[in-house]
Each structure stands twice: as C-alpha cells, then as structure tokens.
Amino acid sequence: VLSHNLCTVLNVPHDPVALEEHFRDDDEGPVSNQGYMPYLNKFILEKVQGNFDKVEFNRMCWTLCAKKNLSKTPLLISDEDAFKVWVIFNFLSEDKYPLIIVPEEIEYLLKKITEAMGAGWQQEQFDHYKIALNTSREGLSAWELIDLIGSGQFSKGMDRQTVSMAINEVFNELILDVLKQGYMLKKGHKRKNWMERWFVLKPNIISYYVSEDLKDKKGDIILDGNCCVEALPDRDGKKCLFLIKCLDKTFEISASDKKKKQEWIQAIQTTVNLLRAGRPPPHKEARQKRKELRQKLLAEQEELERQMKELQAANENKQKELETVRKQLEAAAARAAEEEKKRLQTQVELQDRFSLELEREKMVRQKMEEQVAQKSSELEQYLQRVRELEEMYKQLQEALEDEKQARQDEETVRKLQARLLEEESAKRAELEKWHLQQQQTIQMTEAEKQELENQRIIKEQALQVAMQQLKQLELERKEALEQYEEVKKKLETAANNTKSWKDKVAHHEGLIRLIEPGSKNPHLITNWGPAAFTAAELEQRQKSWKGKKAPSE
C-alpha cells in the first residue's frame, strides 16, 4: 500500500511484480538485509522526474509520521499549521541525519513569523533560549520545533488566527515560492473589460484566480528574461495602471493604490532580473548563503582546534623535556645522598676505630679530633652545596621559561631587523639613485653656468661697444644741434630780408613780382610765353586800377 501510494503521488508507474521479486526469498519482511530502503531507492526514487505535487508528497509523509511523533500536549496551532511548520523544518534543516534545525535557522524562522504577525522581535528573549539550547544539544528536531511554535513562547499576546496567518504566509514564501500575492484588476484580451483577480507571483510565473482560495484558476503569465514591466498613465477612469510585456501577449493591470502599484512593479522586475541572471529565489539564495557561512565558521573553528592541539602537543613535549631534566636532577641528588650516607658510614667506622685507639694513643687522639672537626666542616659545606643544587634546579626551571620567552622575542626582533634591513636597503638604493641624479644635474648646471658666463662676457663687450657708439652719437647730435642753430639763424635773417623786399614790392604796380609757388589753375599764354599773372589775378588787378582812376578823374 505504501509503495502504491508513493508511486501515485510521485507520478511513477507502480510495478507490483518488482516488489514481489524483491521480497520473494524474504520471510522476515523489510527489517532484513533485503529491506525496504533498497527497493525504495531502486524502483521508485530513481524513476522520479520532478513533475509531481511536492505539497501532496509532503502531506503523505506527514500522514505516515505525525501520529507517532506529534506531541499529545495541546498546542496553540492547528494540525494544518503543524504540517506547514514540519514542511518548513524539512526546508531549513541541515543535510545530515538525524535531521535538526540549528539555532541560526530557528532565529530566522521565528523572525519571519513575528514579522508576518506584525509584532516586534524580542532578541533578548531568544538569546536566553539559545544559550539554554546550546548547553544541551546542537539544534531541534521537527517535533520539538512544532512544540516551540505551538507553545506560544514567542507569540505571546497573539490569537490563533493571527499565528495561523503568519505561518501560512511564511509557508507560501519558503515552500510554495510565493514572492507576492494580492487582488488587482486585469483587462481582458477579448472583451476588454476589467475584472478583479487574485494574483500570485512565483519565480517564473504569475497565476491569477477568481478569489484567494485558489480554486478557480483563470490563467498564467509566463515570465522569462525577455519580459518587462512598465508603469502607465491613468486613463479610461482607471488609476495605478502598469503593463507586463511578454513575447506573445501584453497584460494591462490596475492596482488598488500607488503603493501597491510600485510594490508589484518592483517585485515583478526583481523576478525578471533574477531569471536573466539565472539566480534562485531570494529566500533560497539567502538560505544557501547562511549555510555557506556556517560551513566557513565551522572550518575556521576546526582549524583553530587543530592549532590548539598542536600547541598543546608542543607544550606536552616541553613538559616532558622539563620532566627529564627534573629526573636527572633527582638522580644527581640521590647519588649525592648515597655518597653522603657512605661518607657518614665511613665516619662512624673511623670514630669507632678512634675510640679503640684512644686508650692506646692519647697523642693521636688529638690529631684525630682535628681531622673529625675538619670532616664535619666538609660535611656542612657539602650539605650547603646540596641546598645550592636545589636552588639551582629552581633557577634552571625559571631560566628555561625565560629562555623560551627570549627565543620568541629574539624571533620577533629578528623579523623586525630583517624588515628594517630591507627598508634600509631600499632607501639606500633610492638615495644612491638620487645622488647620481644630483651629480648629473650639478654637471649640467656647471655647463649651463659656463655658457651663461661666456654669453655675459660677450654681452658686456657688446655693451661697451654700444656705449662708445652712443657717446659718438651724442657728440654728433651736439654738432648737428649747433649746425641747426646756425641754419635757424640764417633762415631767420633770410626771412627778415624777404619780408622787407615784399614790402617794397607791394608799393609798385606789378612791375616786379616775387617768385612764389604757382597756382594750380591754368596759366595765360601770351606771345612772349606764359603770363606773369593768372586770369583771376589779372581781373583783380584791373578792378584795382579802375578804382584808382575813378577818384583822379
């Protein structure tokens, strides 16, 4: 029955003959080595094509396991909400068995549910819960997660309906890939009338239904990278219009207000951009990033643990070396004690011998007492040496620690000195380069200075020549000025003489005429040549003569 139901839900043809062949030599059932899992993998799961209803498949699996594992404690959520939480758990859980959901994913899910309820997230409360959880286990199972949400620990003050709506909204987003949904008006393609529809936006399609119960589906808008969405101006009494352009059709839609219009345009444009880039939906991409981050942190933690183990092993080796040195010192102290014991025993024997000989030789007794006193002094010195050895052992331990620290400091200083030497070498090369450039510049400057000095000498010589020429010109100017004064005086004398002659000539009647520049008018021609007067001058002369004759008559 289980195999037939699985094949029906997964759209795989059921083969009862294969089932009988698989279990024909098995009298103990699926619990033997020819159990049910090999059959499930080979004859059912390998034939799945992906064209099945995942919600129905999850509901079947829920039916198989819920009755056995679901807590009998009354919960604040319904069985349907518990099923949706169970499906969300399967989506967010780690990819290893037994399945658990880690605290980071629990926080993400509880935040989503809290935001969907419109309540504020209580980070401090979750931190306390997280600390208590980490001390006992790595995460929660599906049934523990259902108990946590159903207990109302993070939804206090909310009624069952609000919690149910929040779980349903998160379920639609994470499991059904519903990016946005809501009522809008759509213009028909044939009758051109406007009808209210319930739109559901998914990563590659927009479906619209008669109502939000999703029972009567009216059509789909297939989205791809070639689609685009753009806003339209209000017209025909409709407001908040926008247009969805696809390859074969164009859809005109009217939102309820400007905010909804902008939200829908932005959501559709984001979906089209994701399709163009070939990226998954935002919640799946975010889950993959969170998983990669956890793996990275886990790898860093493992690396840190490995380094700690290496340090611990090195420390153990040092401890072993110190223990070896301590044992050697203890052995030396034991040998010293053995020698002391032998020395004491020898001393006792000598004392016995001296006691026997004391009666016989009094003179020798005094010498022996002196020797005993000397031996006692040596004994004190030896004991003092043993104490010094013990003190030296302690100082040796401290010296070993100091030597270890000194080696670390020496390594640090050596690296610093190497870096400083490299910097000094680079600076020295740079200074040598600058010095070479400066020498070249000095040589060029010396050459230019010599050339400028030669030019200055040449210019000074030219200046001296010019000064001499200027002095010569000054002398010539003075001579020319003196000559000009003489000529000016001569001209003034000549002008005075000419004026006196003009006065004399003016008294005569044209017998004598001064030679002056001629007029531009045409001259009269007489038998003897050009006339001495022009026609105008002659007329004036005639009028003057007639005037003089009239009074005389």
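Keep in mind that what you see is a predicted model, and the values were worked out from it rather than measured. (Residues numbered from 1 in each chain as written. Predicted model: local features only at pLDDT ≥ 70, side-chain atom pairs only at ≥ 80, totals over all residues. Heavy atoms only, no water.)

Comments concerning the overall build of the chain
At step 1: Looking only at helices and strands, one finds 13 helices and nine strands in the chain.
At step 2: The buried share of the chain, reckoned over its 553 residues, is 24%.
At step 3: Put simply, of all contacts in the chain between residues at least 6 apart along the chain, 53% involve residues at least 24 apart.
At step 4: With an accessible surface of roughly 41400 Å², the chain has 53% of that area assigned to carbon and sulfur atoms. (Helix = DSSP H or I, 4+ residues; strand = E, 2+ residues; numbered from the N terminus. Buried < 20%, exposed > 50% of the residue type's maximum accessible area, 1.4 Å probe, protein only. Contact = heavy atoms within 4.5 Å. Areas by Shrake-Rupley, 256 points an atom, 1.4 Å probe, with all protein chains shown as cover.)

Here we look at the side chain of Glu340
At step 1: Tracing the backbone shows Glu340 in helix α11 (residues 282-358).
At step 2: For the buried residue Glu340, which engages in no salt bridge, the nearest side chain bearing the opposite charge is Arg343, 4.5 Å off. (Lys, Arg positive; Asp, Glu negative; His and termini not counted. Salt bridge = Lys/Arg side-chain N within 4 Å of Asp/Glu carboxyl O.)

A look at unusual backbone geometry
At step 1: With a phi close to 60 degrees, Asn11 is a non-glycine residue in the positive phi region.
At step 2: Along the chain, Asn11 turns up in the loop between α1 (2-9) and α2 (16-22).
At step 3: In this structure Asn11 comes out as partly exposed when scored by relative accessible area, which is 47%.
At step 4: A positive phi angle is found at Asp236, which is not glycine, with a value near 55 degrees.
At step 5: Looking at the secondary structure, you find Asp236 in the loop between β5 (228-232) and β6 (241-245).

Brief notes about the side chain of Lys180
At step 1: Tracing the backbone through its elements, the reader meets Lys180 in strand β1 (residues 180-187).
At step 2: For Lys180, a relative accessible area of 17% corresponds to the buried category.
At step 3: One polar contact links Lys180 to Glu263, side chain to side chain, over a distance of 3.2 Å.
At step 4: Ignoring anything within four residues of it in the chain, the contact list for Lys180 reads Phe199, Val200, Leu201, Glu263, Trp264 and Ala267. (Polar contact = N/O pair within 3.5 Å; in protein donor to acceptor, adjacent residues only side chain to side chain.)

Remarks on a nonpolar patch on the surface
At step 1: Residues Leu304, Met308 and Leu311 make up a contiguous nonpolar surface patch of roughly 330 Å² in combined accessible area.
At step 2: Tracing the chain through its elements places Met308 in helix α11. (Patch = residues over 30% accessible without salt bridge, like charges linked within 9 Å, V, L, I, M, F, W, Y side chains within 5 Å.)

Details of the packing of aromatic side chains
At step 1: For the coordinates displayed, the defined rule picks out nine aromatic pairs.
At step 2: Relative to Phe83, the ring of Trp62 has its centre 6.0 Å away and its plane inclined at 65 degrees; by these criteria the two rings are edge-to-face. Pair noted here: Trp62 is in helix α4 (residues 54-69) and Phe83 is in helix α5 (residues 79-92), with a separation of 21 residues, a long-range link.
At step 3: Phe83 gets classed as buried once you look at its relative accessible area, which sits at 1%. (Phe/Tyr/Trp six-rings, centres within 6.5 Å; stacked < 30°, edge-to-face > 60°.)

Comments concerning the sheet that holds β1
At step 1: Reading across from one edge, β4-β3-β2-β1-β7-β6-β5 is the order of the seven strands in this open sheet, with antiparallel pairing throughout. Two strands bound the open sheet, and with one partner strand each, they are β4 (217-222) and β5. With strand direction ignored, the average angle separating the axes of adjacent strands in the sheet is 35 degrees.
At step 2: Strand direction decides the pairing type here: β1 and strand β7 (residues 250-254), joined by two bridges, are antiparallel. Bridge pairing in β7 places Leu185 opposite Ser254. (Pairing = 2+ DSSP bridges. Axes fitted to C-alpha atoms, helices over the stretch in contact; angles between N-to-C directions.)

Some words on α11
At step 1: A rise of 1.5 Å per residue sets the reference length of α11, with its 77 residues, at 114 Å; its end C-alpha atoms lie 111 Å apart and thus fit the reference within 8%.
At step 2: All of the buried residues along α11 are His283, Glu285, Arg287, Arg290, Lys291, Arg294, Ala336, Glu340, Phe354 and Leu358. (Expected span 1.5 Å × (residues − 1).)

Looking at α4
At step 1: An ideal rise of 1.5 Å per residue puts 22 Å on 16 residues; α4 measures up with 21 Å between its terminal C-alpha atoms.
At step 2: Along α4, the largest kink reaches about 35 degrees and is centred on Thr63.
At step 3: When α4 is considered as a whole, its buried residues turn out to be Asn58, Met60, Trp62, Cys65 and Ala66.
At step 4: At its buried positions, α4 is contacted by α1, α5 and α8 (142-150). (Bend = angle between axes of the 7 residues up to and from the residue.)

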